[in-house]
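Fold and contact review
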Amino acid sequence: QEQVPVEVWSQIFIGIAIAEGLRSQMIYKPDSVPGSHGFDPLGFKSKFGGNTAEGYKTLQLKEIKNGRLAMMAVAGMFTQQL
């Protein structure tokens, strides 16, 4: 049975720390809006009516509801196994 050397784990940890540090500098700016990171390669925001402030709020609400439903589904799958 082979184990990963400590040097490899340290390189992975340092690489992740650098990537997360760069990401946090791009995302957590004082004037940034939560959830708006500028990443929309397929243009979903404009396709589904997120161009206006009201449409964007609607999309955010739908995303929150979808996440809550997914959490309930996963909790249901876990409790089924008990």
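Analysis parameters
Counting from 1, residues in each chain are numbered in the order their sequence is written. Given that the model is predicted, a residue must reach a pLDDT of at least 70 before its local features are reported, and side-chain atom pairs must reach 80 or more before they are shown or counted; all residues, however, enter totals for whole chains, interfaces and linings. Just so you know, side-chain values use all the structure's heavy atoms and leave hydrogens and water out. The helix and strand labels rest on DSSP assignments: H or I over at least four residues marks a helix, E over at least two residues marks a strand, and numbering proceeds from the N terminus. The globule rule used for comparison is 2.2 Å times the number of residues to the exponent 0.38, while the radius of gyration itself is calculated over C-alpha atoms. For each residue, the accessible area found with a 1.4 Å probe, counting protein chains only, is set against the maximum for its type, and the residue is called buried under 20%, exposed over 50%, and partly exposed in between. Note on areas: Shrake-Rupley, 1.4 Å probe, and residue coverage restricted to the protein chains presented here. Charge convention: Lys and Arg are scored as positive, Asp and Glu as negative, and His as well as the terminal groups of each chain are ignored. We put the charge of a Lys on NZ, of an Arg on CZ, of an Asp on CG and of a Glu on CD. Here, a salt bridge means any Lys or Arg side-chain nitrogen found within 4 Å of an Asp or Glu carboxyl oxygen.

1. Things to note about the overall build of the protein
- Of regular secondary structure, the protein possesses three helices and zero strands.
- Beginning at the N terminus, the succession of helices and strands in the protein can be written as α-α-α.
- In terms of C-alpha radius of gyration, the protein reaches 19 Å, well past the compact-globule figure of 12 Å for 82 residues.
- Viewed in the frame of its principal axes, the protein has a C-alpha envelope of about 55 × 45 × 25 Å.
- For the protein, buried positions account for 6% of its 82 residues.
- With the model as given, the accessible surface of the protein reaches about 7,800 Å², and the carbon-plus-sulfur share is 65%.
- Treating the 8 positive side-chain charges of the protein as one cloud and the 7 negative ones as another, the clouds have centres 14 Å apart.

2. Concerning the environment of Q25
- Turning to its location among the elements, Q25 is positioned in helix 1 (residues 6–27).
- Spatially, the C-alpha atom of Q25 lies 26 Å from that of V8, the residues being 17 residues apart in sequence.

3. Structural notes on the pattern of salt bridges
- Overall, the coordinates contain one salt bridge when judged by the stated rule.
- With its nearest N and O atoms 2.8 Å apart, the salt bridge here joins E20 to R23. Of the two residues, E20 and R23 are both situated in helix 1; the distance of three residues between them amounts to about one turn of the helix.

4. Considering the environment of K57
- Looking at the element boundaries, K57 is found in helix 3 (residues 53–80).
- Residue classification places K57 among the exposed residues on the basis of a relative accessible area of 57%.

5. Examining the environment of A75
- By the element assignment, A75 lies in helix 3.
- When its relative accessible area of 36% is taken as the criterion, A75 is described as partly exposed.
- Between the C-alpha atoms of A75 and K45, which are 30 residues apart in sequence, the distance is 30 Å.

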